[in-house]
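What follows is the residue order along each chain.
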Amino acid sequence: MANTGSNQNANNEVNLMPMSEAPDKWLRKQYLPHIWCPGCGIGTILRQVIEQFTKLGWRNDEVVFVTGIGCTGRASGYVNAQTLHTIHGRALPTATGIKMARPDMHVVAMLGDGDGVGIGGNHFIHAAKRNIGITAIVVNNRIYGMTGGQVSPTTPSGAKSSTTPYGNVEPAMDVSKLALGAGATFVARAHTANPVYLGQLIRRALEHDGFSVLEVLSQCPTYFGRFNGMPDPVQMLEWFKSNTFMAKSPYDEKEGKIPVGVFRDDKETPELSKSYRKLWEE
Ligand code: SF4
């Protein structure tokens, strides 16, 4: 008998929906239980990623799943696909090499905020500029989790971390604006409090032919939450719901809230590995 689990639609209404075979097909169950803290958002995101792999009908041997270092970086160990757990900030250059050599593969990089736009920031910009056919899912928990809750490039101004105990004096980097400015051809933002909508955007990012960036606001109750008055993950999910709004641009403004939605979906710009192959064949 199929399991059932609670889930939500785009209007945050809770439904009961049948679970799929995704965990059986896409998880290396021999490595469970995972290392993530109770209530961490990474599991919610990974669940939606493997759900979309299943819905797309992709085979395990045609998906390359690449991560860097950090809590999010550990995801590659649990995914039953072709996987690489690379060094800090270097998931995207590794994924770029794979895509150039094997344009037929589905290449997915799952990055943390520090990994993606901190130490890996230059790689992020150049992958976007090249429009290489990689899906980058940036798990933005707004802090360095694995190493003890240090300030990250996306930590909001005024937020506390282990290295900003009196509040961050720097402004936060906006991952979606950075992706747009650097030339990514699909850019979207979602959060973990609405897994169905998150899954829909993951699907669109995976299907996009070019560099697609999905920024996902995710809860780190252990560090960001505990340092900032939200130690219970449910408090963080409620915060996402009440502090975001649907928008068409990351520049849209509404009462100081964070815009979520699809910000760019450009299907015209040529994808790099295809352009390169074409030139090579000519
Ligand atoms: Fe998740 Fe934070 Fe724990 Fe890392 S430290 S596993 S991001 S809750």
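Remember, predicted model here, so these are calculated numbers, not experimental data.

Conventions we followed
- Residues numbered from 1 in each chain as written.
- Predicted model: local features only at pLDDT ≥ 70, side-chain atom pairs only at ≥ 80, totals over all residues.
- Heavy atoms only, no water.
- Phe/Tyr/Trp six-rings, centres within 6.5 Å; stacked < 30°, edge-to-face > 60°.
- Helix = DSSP H or I, 4+ residues; strand = E, 2+ residues; numbered from the N terminus.
- Lys NZ or Arg CZ within 6 Å of the ring centre and 35° of its normal.
- 1 Å grid on protein atoms, 1.4 Å probe; cavity = no way out; pocket = protein on both sides within 12 Å on 5 of 7 lines; lining within 4 Å.
- Points joined across faces, edges and corners; volume = space filled by probe spheres on them.
- Nonpolar A, V, L, I, M, F, W, Y, C, P; charged D, E, K, R; others polar.
- Contact = heavy atoms within 4.5 Å.
- Near = heavy atom within 4 Å.
- Salt bridge = Lys/Arg side-chain N within 4 Å of Asp/Glu carboxyl O.
- Pairing = 2+ DSSP bridges.
- Axes fitted to C-alpha atoms, helices over the stretch in contact; angles between N-to-C directions.

Engineer: Give me the lowdown on the packing of aromatic side chains, citing residues and values where you can.
Structural biologist: Scanning all chains against the criterion turns up 6 aromatic pairs. When the ring of tryptophan 26 is compared with that of phenylalanine 53, the centres are 4.8 Å apart and the planes differ by 55°; the resulting orientation is tilted. Here the residue tryptophan 26 occupies a position in helix 1 (residues 22-26), and phenylalanine 53 occupies one in helix 2 (residues 42-56), the gap between them amounting to 27 residues. A cation sits over an aromatic face here: arginine 142 above phenylalanine 224, 4.3 Å from the ring centre. In this structure, arginine 226 is placed above the aromatic ring of phenylalanine 227, and the distance from its NZ or CZ to the ring centre is 5.4 Å.

Engineer: Hey, could you go over the layout of surface pockets for me, with residue numbers and the actual values?
Structural biologist: Approximately 440 Å³ is the volume attributed to the second largest pocket. Broken down by secondary-structure element, the contributors of at least two residues to the lining of the second largest pocket are helix 6 (175-182), strand 8 (212-217) and strand 10 (258-265). Among the residues making up the lining of the second largest pocket, the classes are represented as 10 nonpolar, 4 polar and 9 charged.

Engineer: Residue-level account of the environment of valine 117, with values.
Structural biologist: Relative to the assigned elements, valine 117 resides in helix 4 (residues 113-118). Among all residues touching valine 117, those that are not within four sequence positions of it are Gly112, Phe124, Pro153, Thr154, Met173, Val175 and Leu178.

Engineer: Give a description of the site of the ligand that names residues and reports values.
Structural biologist: Taken together, the neighbourhood of the ligand is formed by Trp36, Cys37, Cys40, Cys71, Asn141, Gly145, Cys220, Pro221, Thr222 and Tyr223. For the shell around the ligand, the per-class residue count stands at 7 nonpolar, 3 polar and no charged.

Engineer: I'd love a proper account of the environment of asparagine 243, names of residues and values included.
Structural biologist: With respect to the element layout, asparagine 243 can be found in the loop between helix 9 (233-242) and strand 9 (244-246). Sequence separation between asparagine 243 and glutamate 255 is 12 residues, and the spatial gap between their C-alpha atoms is 8.9 Å. Not counting residues within four places of it along the chain, the set of residues in contact with asparagine 243 comprises Lys257 and Ile258.

Engineer: I'd like to hear about the pattern of salt bridges, residue by residue, with values.
Structural biologist: All told, the structure shown has 13 salt bridges when counted by the stated rule. The residue aspartate 174 makes a salt bridge to arginine 189 at a minimum N-O spacing of 2.8 Å. Placement of aspartate 174 in the loop between strand 6 (134-140) and helix 6 and of arginine 189 in strand 7 (residues 186-191) is noted, with a sequence separation of 15 residues between them. Residue glutamate 255 is joined to lysine 257 by a salt bridge in which the shortest nitrogen-to-oxygen separation is 3.7 Å.

Engineer: Outline the sheet that holds strand 6, listing residues and values.
Structural biologist: Strand order in this open sheet of 8 strands is 4-3-5-6-8-7-10-9, and the pairing throughout is mixed. Each having just a single partner strand, strand 4 (82-85) and strand 9 make up the two edges of the open sheet. Recorded for the sheet is a direction-independent mean angle of 20° between the axes of neighbouring strands. The pairing of strand 6 with strand 8 spans 6 bridges and is parallel. Note that in strand 8 the partner of isoleucine 137 across the bridge is leucine 214.

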